[in-house]
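Examining the three-dimensional arrangement
Here are the chains, one letter per residue:
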Amino acid sequence: MPEAVVDFRAPPPSPVASGRRSSVTNDEVLTEFLESSLRVPDLVLPDKFFPKQKLLETPPKVDFVSLCFHRDEAECDAVLDAMAKIGCFQLMNHGIPRELVVSAAEAAAGVFGVPPVKREALMRSPEKPWGYEEYHGGEEEEEEGSEMCEEFVWCREDELKLNMEGISPIGYPNFSKKMEKLMLRIETVAEKILPVILEKIPRKIEVDDMDLVHHGHDVGTVCCIYKHCRDNREDQWPNSLKYDVIRMLIRGTDYSHSLGFHVCDGSTEFHVYSKKSWLSFCPEEGAIIITGGDETQRMSDGHYKHVIGRPIFRGKNEDSISMAFLYHPTNAKNDIQTNSGRTISLAQQAILAIILTLMYHVLISVTKFLN
């Protein structure tokens, strides 16, 4: 009979501690290496997440007429240098009447008089880049019941107009009319200044680079209106300022824009926020503070800075209103001259072909008639 083959495999050996010494010649060196490599490092965190404030000399005061109409080289160099270093300068002699600014600010104050219950449908959201937004000056102020600072974003949206007129049928049309008049003046100034800033950038602007869309909402120029509440206590101001800085750095700006025009008559200070630090200076009376936007930074390959500006009203006994117009040129592709030439659309080409065909037949008919 053939012998049966049994497939047998021995089980793996049990982990039994060996009584022999390690084969490593120097156990102390190995132990020291393992202890140093497996040790968890001690992490030292900063005490406060708060950017460092830098004192700044007052940004250059630029005359609008000399800059845009006379093309004064000294004024141009001052603007370009300021936009590259700090992203901010002051515009003087801009031609916008102070009466118009004051009238618009007074009308804007009435927008914040809408009751909180009626504001719920007009609060800002990702789907609505306009409306109300409320925020406190920090947790300490919330516990003490301090007054609330408020913000309202206005733009030329029909939905916003219909909703606001339903809440305030008399006050809002008056406010909207004054804001539209002021925004037109701001946009006129912006259309003159932007080409001056972009004409000497380190590289040429291509048409494809002018992708100026705000997160799917091309709302054009918007106006962020801020209601700065009065200072009830002197020690409350630093905490509110720190909260404002951190909020600006985290939130940034929700609106893609080329230039920011800050109308803040009566402000005691003006702060310029960037990712690395924040700067402060005392603005000139009657000046419009202009800051660089993300579109200008992108078109200049990072040569110009994108910063966020915010006026400060310190020691005021009454509420104050400031306005920031974020200029977004919706027809930038047609306004900025490039070296790529002018593009002719298909409709224009078709019309041109029809005209040439008709002219050809007319010439043929005239030739036959003469012969």
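Residues numbered from 1 in each chain as written. Predicted model: local features only at pLDDT ≥ 70, side-chain atom pairs only at ≥ 80, totals over all residues. Heavy atoms only, no water.

**Looking at the packing of aromatic side chains**
To keep things clear, this is the line we draw: Only rings of Phe, Tyr and Trp enter the pairing, Trp through its six-membered ring, and a pair is recorded when the two centres are within 6.5 Å. The plane angle decides the type: under 30 degrees is stacked, over 60 is edge-to-face, the rest tilted. Strands here mean DSSP runs of E at least two residues long; helices mean DSSP runs of H or I at least four residues long; both are numbered from the N terminus. A simple rule labels every residue: compare its accessible area, found with a 1.4 Å probe on the protein chains alone, to the largest value its type can have, and call it buried under 20%, exposed over 50%, or partly exposed in between.
Throughout the structure, instances matching the rule amount to six aromatic pairs. Look at tyrosine 172 and phenylalanine 175: their rings are 5.6 Å apart centre to centre, the planes differ by 50°, and that puts the pair in the tilted class. A residue pair is termed a helical-turn pair when its members lie 3 or 4 positions apart in one helix, as tyrosine 172 and phenylalanine 175 do in helix α8 (residues 171–198) at three residues. When its relative accessible area of 3% is taken as the criterion, tyrosine 172 is described as buried. On the basis of relative accessibility, which here comes to 1%, the residue phenylalanine 175 falls in the buried class. Both rings, one in phenylalanine 270 and one in phenylalanine 281, keep their centres 5.6 Å apart while their planes meet at 45°; by these two values the pair is tilted. A residue pair is termed long-range when its members are at least 10 positions apart, and phenylalanine 270 in strand β8 (residues 269–273) and phenylalanine 281 in strand β9 (residues 278–281) qualify at 11 residues.

**As for the pairing of strand β10 (residues 288–292)**
The cut-off we apply is this: A strand pair is defined by DSSP finding two or more bridges across the two strands.
The buried count for β10 comes to five of five residues, which makes it a mostly enclosed element. Where strand β3 (residues 88–92) and β10 come together, four bridges link them in antiparallel fashion. If you follow cysteine 88 over to β10, its bridge partner there is threonine 291. Bridge count between strand β7 (residues 259–263) and β10: four bridges; the pairing is antiparallel.

**Comments concerning the packing of helix α4 (residues 98–111) against α8**
Which entries qualify depends on this criterion: Interaxial angles span 0 to 180 degrees and are taken between N-to-C directions of axes, which are lines fitted to C-alpha atoms, for helices over the stretch in contact. To sort the angles, those under 35 degrees are grouped as roughly parallel, those over 145 as roughly antiparallel, those from 65 to 115 as roughly perpendicular, and the leftovers as oblique. Crossing handedness is defined as follows: a turn of the near helix away from the far one that is anticlockwise and smaller than a right angle gives a left-handed crossing, while the clockwise case is right-handed. Two residues form a contact once any of their heavy atoms are found within 4.5 Å.
Relative to each other, α4 and α8 sit at 140°, their axes nearing to 9 Å. In terms of orientation, α4 lies oblique with respect to α8. Handedness of the crossing formed by α4 with α8: left-handed. For the pair α4 and α8, the contacting residues are Leu100, Val101, Ser103, Ala104, Ala107, Ala108 and Val111 in the first and Phe175, Lys178, Met179, Lys181, Leu182 and Arg185 in the second.

**Some words on the pattern of salt bridges**
A side chain of one charge can pair with a side chain of the opposite charge when the charged atoms of the two come close. As a reminder, the rule being used: A side-chain nitrogen of Lys or Arg and a carboxyl oxygen of Asp or Glu constitute a salt bridge if their distance falls within 4 Å.
Counted by the stated rule, this structure contains 10 salt bridges. In this structure, arginine 98 engages aspartate 265 in a salt bridge whose closest nitrogen and oxygen atoms are separated by 2.9 Å. In this pair, arginine 98 is assigned in helix α4 and aspartate 265 in the loop between β7 and β8, connecting sequence segments 167 residues apart. By relative accessible area, aspartate 265 is classed as partly exposed at 33%. The network of salt bridges with shared partners includes Arg119, Glu150, Lys227 and Asp319.

**What to know about the pairing of strand β6 (residues 222–228)**
Counting buried positions along β6 gives seven out of seven residues, so the element sits mostly inside the fold. Of the two faces of β6, both are covered, the one formed by Val222, Cys224, Tyr226 and His228 as well as the one formed by Cys223, Ile225 and Lys227. Here strand β5 (residues 149–154) pairs with β6 via five bridges, running antiparallel. Counterpart to glutamate 150 in the pairing with β6 is lysine 227.

**Let's talk about the nonpolar core**
Soluble globular proteins tend to pack their nonpolar side chains together in the buried interior. Put simply, the rule reads: Only buried residues count toward a nonpolar core. Its members are Ala, Val, Leu, Ile, Met, Phe, Trp, Tyr and Cys residues joined through side-chain atoms within 4.5 Å.
Core analysis: the biggest nonpolar cluster contains 64 residues, and Ile193, Ile225, Phe261 and Met323 have the highest contact counts within it. The element contributing the most residues to this core is α8, with 13 residues. Among the nonpolar cores identified, the runner-up in size contains 10 residues, and Phe270, Phe281, Ile289 and Val307 belong to it.

**A few points about α4**
Counted only if it meets this: In this scheme, a helix's expected span is set at 1.5 Å multiplied by one less than its residue total.
Between its terminal C-alpha atoms α4 stretches 20 Å, which fits the 20 Å expected from 14 residues at 1.5 Å a residue. Taken as a whole, α4 has its buried residues at Leu100, Val101, Ser103, Ala104, Ala105, Ala107, Ala108 and Val111.

**Re the confidence of the model for the chain**
Regions with low pLDDT carry predicted coordinates that are not meant to be interpreted in detail. The test is simple: The score called pLDDT rates the predictor's confidence residue by residue, from a low of 0 to a high of 100.
On average, residues of the chain carry a pLDDT of 76, and 67% of them reach 70 or more. Across the chain, the element-wise mean pLDDT spans from 40 in helix α11 (residues 332–335) up to 96 in β7. This stretch, residues 204–216, has a pLDDT under 50; its non-local contacts, to residues over four places away or in other chains, come to 29 contacts. Every residue in residues 332–343 scores below 50 in pLDDT, and together they form 12 contacts with partners more than four places removed in sequence or on other chains.

**Some thoughts on unusual backbone geometry**
The backbone phi angle of asparagine 93 is positive, close to 55°, even though this residue is not glycine. Looking at the element boundaries, asparagine 93 is found in the loop between β3 and α4. Under the relative-accessibility criterion, asparagine 93 is labelled partly exposed at 46%. One non-glycine residue, aspartate 301, lies in positive phi territory at about 55°. Its location among the elements puts aspartate 301 in the loop between α10 (294–299) and β11 (308–312). Of the residues examined, aspartate 301 reaches a relative accessible area of 55% and is grouped as exposed.

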